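Residue-level listing of the chains:
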Amino acid sequence: NAGVTQTPKFQVLKTGQSMTLQCAQDMNHEYMSWYRQDPGMGLRLIHYSVGAGITDQGEVPNGYNVSRSTTEDFPLRLLSAAPSQTSVYFCASSPTFTPYGYTFGSGTRLTVV
Amino acid sequence: GIQVEQSPPDLILQEGANSTLRCNFSDSVNNLQWFHQNPWGQLINLFYIPSGTKQNGRLSATTVATERYSLLYISSSQTTDSGVYFCAVGGATNKLIFGTGTLLAVQP
């Protein structure tokens, strides 16, 4: 039982490049979410999903896309990376349809130059 | 949306001391959780406490929903308690919104 797995752990991108941050959970959790953490700003919700095929926007969705084709996977896509997207990204999952009892991944540190 | 404010922003304690962390929120909530982020960045769920009081070892939490605040108590602090403590709240939507956290440093 691996919990929530995020890949990669570290990534450096050039401005304008695209990439996908992967998040997978093996706990059959319904709810999954992506947060970004910046110094002094806590964690801010980017996108979330209450189940396969259903996604919605969080507090800071601009510049990010998500999809939820399976219960297990919730990838976060940056279509054209900008320096403002330099951050640490966390994926979290919850066993219910609501954000209760979160399990967090270990994070992806992204630098956009 | 719901605003979440945590205080104090920073706290330094000697090992063995007690502390109280506060979380204020701007609207009624049906979901309130406390998290600890250790110095290596790992986030752990401490309490789910939209109302009432809970205790887990040296940690306890109280939420007074009618007055829109929650308190996290740490007793007999240890160096392993160091890190950032986050309060997160959710209301009518399925969004869990985090405060900016309290950075706790426990010195031996």
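Every chain is numbered on its own, with residues counted from 1 as its sequence reads. Each chain gets a letter, beginning with A, and each ligand a number, beginning with 1, in the order they are written. It should be noted that, the model being predicted, local features are given only for residues of pLDDT at least 70 and side-chain atom pairs only at 80 or more, the latter also being counted only at that level, while totals for whole chains, interfaces and linings use all residues. To get the side-chain values, take all heavy atoms of the structure and skip hydrogens and water.

Asks: Please explain the pairing of strand E4 (residues 31-37) of chain B as it appears in this structure.
Replies: Consecutive side chains of a regular strand alternate in pointing toward one face of the sheet and then the other. Residue and element names in this part refer to chain B. Within E4, seven of the seven residues are buried, which leaves it mostly tucked inside the rest of the structure. Each residue gets one of three labels from its accessible area relative to the maximum for its type: buried under 20%, exposed over 50%, partly exposed in between, using a 1.4 Å probe on protein chains only. Every helix listed is a DSSP run of H or I at least four residues long, and every strand listed is a run of E at least two residues long, numbered separately from the N terminus. Along E4, one buried face is formed by Asn31, Gln33, Phe35 and Gln37 and the opposite face, lined by Leu32, Trp34 and His36, is buried too. A pair of strands is labelled paired if DSSP reports no fewer than 2 bridges between them. Two elements, E4 and strand E9 (residues 83-90), share seven bridges in a ladder whose sense is antiparallel. Bridging from a neighbouring strand, Gln33 pairs with Ala88 of E9. Bridge count for E4 against strand E5 (residues 43-48) is five bridges, and the pairing is antiparallel. By the bridge assignment, His36 is partnered in E5 with Ile44. In textbook terms, the turn of a hairpin is the stretch between consecutive antiparallel strands, and for E4 and E5 this stretch comprises five residues, one of which, Gly41, has a positive phi near 95°.

Asks: What should I look at first to understand the state of the cysteines in this one?
Replies: Two cysteines, two sulfur atoms, one covalent bond between them: this is a disulfide. All names here are of chain A. Two cysteine sulfur atoms form a disulfide, by the criterion used here, when they sit within 2.5 Å. In this structure the tally under the stated criterion is two disulfides over all chains. A sulfur-sulfur separation of 1.9 Å characterises the disulfide bridge that pairs Cys23 with Cys91. The chirality of the disulfide connecting Cys23 with Cys91 is left-handed, given an S-S dihedral of about -70°. Of the two residues, Cys23 is situated in strand E3 (residues 19-25) and Cys91 in strand E9 (residues 87-94); the sequence distance between them amounts to 68 residues. The exposure class assigned to Cys23 is buried, which follows from its relative accessible area of 1%.

Asks: Would you explain the nonpolar core in this entry?
Replies: A general feature of soluble globular proteins is that nonpolar side chains tend to end up buried together. Residue and element names in this part refer to chain B. Membership of the largest hydrophobic core comes to 23 residues, with the highest contact counts inside it found for Trp34, Leu72 and Val89. For this core, the secondary-structure elements that each account for two or more residues are strand E2 (10-14), strand E3 (19-25), E4, E5, strand E7 (59-64), strand E8 (69-74), E9 and strand E11 (102-107). In what follows, a contact means two residues having at least one pair of non-hydrogen atoms within 4.5 Å. Aside from chain neighbours lying at most four places away, what touches Leu72 is Ser19, Thr20, Leu21, Trp34, Leu46, Phe47, Ser60, Ala61 and Tyr85. Each nonpolar core is a collection of buried residues, namely Ala, Val, Leu, Ile, Met, Phe, Trp, Tyr and Cys, held together in the definition by side-chain atoms within 4.5 Å.

Asks: Looking at this structure, I do not really get the sheet that holds strand E1 (residues 4-7) of chain B. What am I missing?
Replies: Note: strands within a sheet are paired through backbone hydrogen bonds, in either parallel or antiparallel orientation. All names here are of chain B. Across the sheet, five strands lie side by side as E1-E3-E8-E7-E6; this open sheet has antiparallel pairing. At either end of the open sheet lies a strand with only one pairing partner, and these are E1 and strand E6 (52-56). Adjacent strand axes in the sheet meet at a mean angle of 15° when their direction is disregarded. Relative to E3, E1 runs antiparallel, the two being bridged by four bridges. Across the sheet, Ser7 pairs through a bridge with Arg22, a residue of E3. Each axis is a line fitted through C-alpha atoms, and for a helix only the stretch in contact is used; angles between axes span 0 to 180 degrees, taken between their N-to-C directions.

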